[in-house]
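Single-letter residue listing:
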Amino acid sequence: MQNTMQIQELCEPPKYVYKKTSYAEMLKILESLRQDEMFCDIKLKTDSGGIISGHKVILASACSYFQAMFTNFAEKNQDIVVIKHIHHTALQILIDFLYTGVITVTENNARVLLEAANLLQIQEVKDACVEFLQTQLCLTNCIDTYALADLHDCTELIRRSELYIQQHFSHVVELDEFLSISSEQMVKLIASEELIVLSERKVFESVIQWVKHDVISRNCVLPQLMEHIRLPLTSKDYILKKVLNEPLIYNCLKSQEYANEAFDFQFHKSDELVTIPNNIRTKPRQRSGSHKVILLVGGLGLNTFTTELYDPKINQWQYGPQMITQRIGGGLAVVKENFVFFMGGFCHSRKTHRSVYVLDFSSELLSWKPSIDMIVPRQHLGVGIINNYIYAVGGADEHFSLNSAEVFDCSTQEWCMISSMSTRRNLVGIGVLNNLLYAVGGNVGHDVLNSVECYHPCLDKWTPIANMHKSRCGVGVGVLNDVLYAVGGFSGKAYYKSVEAYRPSTGVWTTIPYMHEFRGFAGVAVLDGLLYVIGGSNSTSQLNSAEFYNPNTNTWTMVTASMNIPRDYLGAVVIDKP
């Protein structure tokens, strides 16, 4: 009995809690009282002399700034308080907001409201102003907005306005406001990888213009700015005539060093591709929006001296820089994601070439330049890259299929022969997997091959591996996720849709789903985890279509955008978007 009584004593008495669901009516009454100046116990006076009445308890409950003022400071005992550095209209709008919970931000009041809300620590209003100003960014206000955001520590507005300036840099630098940005902002802007500019010349010229606007105080910042200008990516002629002759550069030893570095880069880069300086100034700006694209070069078709670029992000084909002469059946390779080599091939006279051309996509002047000729003239050759060594394999001269192979050392700029394959292979496909070179299929005269052999660079030796299920010449070869793919091709009588995959771990070829189109002599490239097969021939015509294989879904999908020019016997590589 005693225990039962103790439990009853500990139990709480029954109760019912009611919560009011809306305070809208109360807010209306409080605002009405303020408008009629009833029960008001505080007057807020601005620098302009205007006075706004209010209730201390209401202001303190709605704003931490006023809570501190009316509880911890001398103002708690005053009837009139002077609020400095806030425009009267802005203060009136903010007090109205504290009573009503409603505020209207406009183009005319957003900046003064942001300043006032920041001072009074009304975060809701500050956020509303930031959100509005982000939507209003344009050329005429982006610099002022950036300065305002920086002054009031608005992180997201700083980021958005900064990004806007970077994306519209070429236009922003023409504004008078550009000359007023601070040294810290200027360095940050010029150093940004997000800067979108057609030419680094524009960056250099804007820096010189900015420094000359206040040369006495800004001249000391010039070396810091020069450190981030990609001068080596301009031209030798521009550096010689414009940069080195600029008085600000001429009179600054450190800036001279950067200019001389750029000139040396331009002078030596065609001769010493791999040994050129490797620093921030020799690399194109890598914007977050930047990405890789597929480059097509050469081939048989109308106007195939014109190259094409495919951008999967916008699903669009664009024309690239024209070749010096039209070439068919050449080899294509890319070194360091920007240096594209095209070698060999033949022209309409049927002459087989050993010449090599290189295109530097990091340069402002996108033009093909002669490089070092191969030792052996080759058409329909296979090309592979291992550690910046370019391998040219097989193909044919004007009379016979070849089993020879050679390698180009980008650092010494020399070609040398390597061991020959066991089989002559014209129209051979080449893939690189685990630093080994795979020569796939091809033909000898009328005999089409299903054999494959593998080259070990350390041993300088070719070794046969398992045969494919089908004999294929003009076969496209790609490597994706440690799998070697042999795509399409020609049997000597018919074109293929079929595709085979080789895994070194199993040592066997397996079939995967067929492509949508019959394709021989197509280009193959791997981008974003997909295997692209581009152009080529079917039994009736050259193709201007492309499709890609997704190994995750084991399916082929057609690219909806068509190439500008139908072509076969083409090369395809992946490069950084120029």
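As a reminder, the structure under discussion sits directly above these lines.
All figures in this text were calculated on a predicted structure; none of them were measured in a lab.

Draft legend 1. Structural context of the packing of aromatic side chains. In the structure shown here, the tally under the stated rule is 18 aromatic pairs. Ring geometry for phenylalanine 66 and phenylalanine 70: centres 5.8 Å apart, planes at 15 degrees, overall stacked. On the criterion of helical spacing, the pair formed by phenylalanine 66 and phenylalanine 70 is a turn pair, its members being four residues apart in helix α4 (residues 64-72). Here phenylalanine 66 matches phenylalanine 70 in class, with each residue buried. Among the aromatic side chains, those forming a connected cluster through ring pairs are Tyr310, Trp317, Tyr532 and Phe548. Over the aromatic face of tyrosine 496 sits the side chain of arginine 472, whose NZ or CZ is 4.9 Å from the ring centroid.

Draft legend 2. Fine view of the sheet that holds strand β14 (residues 414-418). Read from one edge to the other, the open sheet built from four strands follows the order β11-β12-β13-β14, with strand pairing classed as antiparallel. Edge positions in the open sheet fall to β11 (382-386) and β14, since each of these has one partner strand only. Sheet twist, expressed as the mean angle between neighbouring strand axes with direction ignored, is 25 degrees. Judged from the five bridges that link them, strand β13 (residues 405-409) and β14 form a sheet pairing that is antiparallel. Its bridge partner being in β14, aspartate 409 is matched across the sheet by glutamate 414.

Draft legend 3. How the structure looks around the pairing of strand β25 (residues 523-527). Burial within β25 is extensive, with four of its five residues counted as buried. Two strands pair when backbone bridges link them, and β25 and strand β26 (residues 530-534) are joined in this way by five bridges, in the antiparallel orientation. In the sheet register, alanine 525 faces β26, and the bridge partner there is tyrosine 532. Taking the residues between adjacent antiparallel strands as the criterion, β25 and β26 are bridged by two residues, where aspartate 528 takes a positive phi near 55 degrees.

Draft legend 4. Seen up close, the pattern of salt bridges. As enumerated under the stated definition, the model contains 15 salt bridges in all. For lysine 188, the salt bridge goes to glutamate 162, with nearest N and O atoms at 2.9 Å. Taken together, the residues lysine 188 in helix α11 (residues 183-191) and glutamate 162 in helix α9 (residues 155-167) connect sequence positions 26 residues apart. Taking the relative accessible area as the measure of exposure, lysine 188 reaches 44% and is therefore partly exposed. Under the relative-accessibility criterion, glutamate 162 is labelled buried at 14%. Across the pair lysine 254 and glutamate 257 runs a salt bridge, and its minimum N-O distance is 3.3 Å. Here glutamate 257 and lysine 254 lie together in helix α17 (residues 253-268), a separation of three residues that amounts to about one turn. Put simply, Glu156, Arg159 and Arg160 are held in one network by salt bridges that share partners.

Draft legend 5. Quick look at the packing of helix α12 (residues 200-213) against helix α15 (residues 236-243). At a closest axis distance of 12 Å, the pairing of α12 and α15 adopts a crossing angle of 10 degrees. On the basis of the axis angle, α12 is roughly parallel to α15. In this structure, α12 meets α15 at a crossing whose hand is right-handed. On the side of α12, the interface is formed by Arg201, Phe204 and Glu205, while α15 contributes Tyr238, Lys242 and Val243.

Draft legend 6. Region of the structure containing the environment of histidine 456. Relative to the helices and strands, histidine 456 resides in strand β19 (residues 452-456). Between the C-alpha atoms of histidine 456 and leucine 437, which are 19 residues apart in sequence, the distance is 6.9 Å.

Draft legend 7. Expanded view of empty space enclosed by the protein. This structure, assessed with the given rule, holds two cavities of 30 Å³ or more. Reported here for the largest cavity is a volume of approximately 80 Å³. Contributions of two or more residues to the lining of the largest cavity are made by α8 (142-151), α9 and α11. No other element matches the three residues that α11 contributes to the lining of the largest cavity. Among the residues making up the lining of the largest cavity, the classes are represented as six nonpolar, one polar and two charged. Reported here for the second largest cavity is a volume of approximately 50 Å³. When grouped by side-chain class, the residues that make up the lining of the second largest cavity number five nonpolar, one polar and one charged.

Draft legend 8. Representation of the layout of surface pockets within the structure. Of the voids in this model, the largest pocket is the one considered here, and its volume is about 1,100 Å³. Looking at the largest pocket, it is lined by 43 residues, and the ones nearest its centre are Leu332, Val383, Val477, Val524 and Ala572. Looking at the lining of the largest pocket, the elements with two or more residues in it are β7 (331-335), β11, β15 (429-433), β21 (476-480), β25 and β29 (571-576). In terms of residue class, the lining of the largest pocket is made up of 25 nonpolar, 14 polar and four charged.

Draft legend 9. Spotlight on helix α6 (residues 110-120). Among all positions of α6, only Ala110, Leu113, Leu114, Ala116, Ala117 and Leu120 are buried. Where α6 is buried, its residues contact α4, α5 (88-100), α7 (123-135), α8 and α9. Of the residues one or two after α6, glutamine 121 is the one with positive phi, at around 60 degrees.

Draft legend 10. View of the nonpolar core. Core analysis: the biggest nonpolar cluster contains 75 residues, and Phe66 and Phe178 have the highest contact counts within it. Considering each element in turn, this core owes the most residues, seven residues, to α5. The residues touching phenylalanine 66, leaving out its near neighbours within four places in the chain, are Leu44, Leu59, Ala60, Ile83, Ile95, Leu98 and Leu120. Within the second largest apolar cluster, 17 residues are counted, among which are Trp317, Met563, Leu570 and Val574.

Draft legend 11. Up close: the side chain of aspartate 576. Within the secondary structure, aspartate 576 sits in strand β29. On the accessibility criterion, aspartate 576 (13% relative accessible area) is buried. For aspartate 576, the side chain forms a polar contact with the side chain of lysine 292, separated by 2.7 Å.

Cut-offs used in this document
- Residues numbered from 1 in each chain as written.
- Predicted model: local features only at pLDDT ≥ 70, side-chain atom pairs only at ≥ 80, totals over all residues.
- Heavy atoms only, no water.
- Phe/Tyr/Trp six-rings, centres within 6.5 Å; stacked < 30°, edge-to-face > 60°.
- Helix = DSSP H or I, 4+ residues; strand = E, 2+ residues; numbered from the N terminus.
- Buried < 20%, exposed > 50% of the residue type's maximum accessible area, 1.4 Å probe, protein only.
- Lys NZ or Arg CZ within 6 Å of the ring centre and 35° of its normal.
- Pairing = 2+ DSSP bridges.
- Axes fitted to C-alpha atoms, helices over the stretch in contact; angles between N-to-C directions.
- Salt bridge = Lys/Arg side-chain N within 4 Å of Asp/Glu carboxyl O.
- Parallel < 35°, antiparallel > 145°, perpendicular 65-115°, else oblique.
- Left-handed = near helix turned anticlockwise from the far one by under 90°.
- Contact = heavy atoms within 4.5 Å.
- 1 Å grid on protein atoms, 1.4 Å probe; cavity = no way out; pocket = protein on both sides within 12 Å on 5 of 7 lines; lining within 4 Å.
- Points joined across faces, edges and corners; volume = space filled by probe spheres on them.
- Nonpolar A, V, L, I, M, F, W, Y, C, P; charged D, E, K, R; others polar.
- Core = buried A, V, L, I, M, F, W, Y, C linked by side-chain atoms within 4.5 Å.
- Polar contact = N/O pair within 3.5 Å; in protein donor to acceptor, adjacent residues only side chain to side chain.

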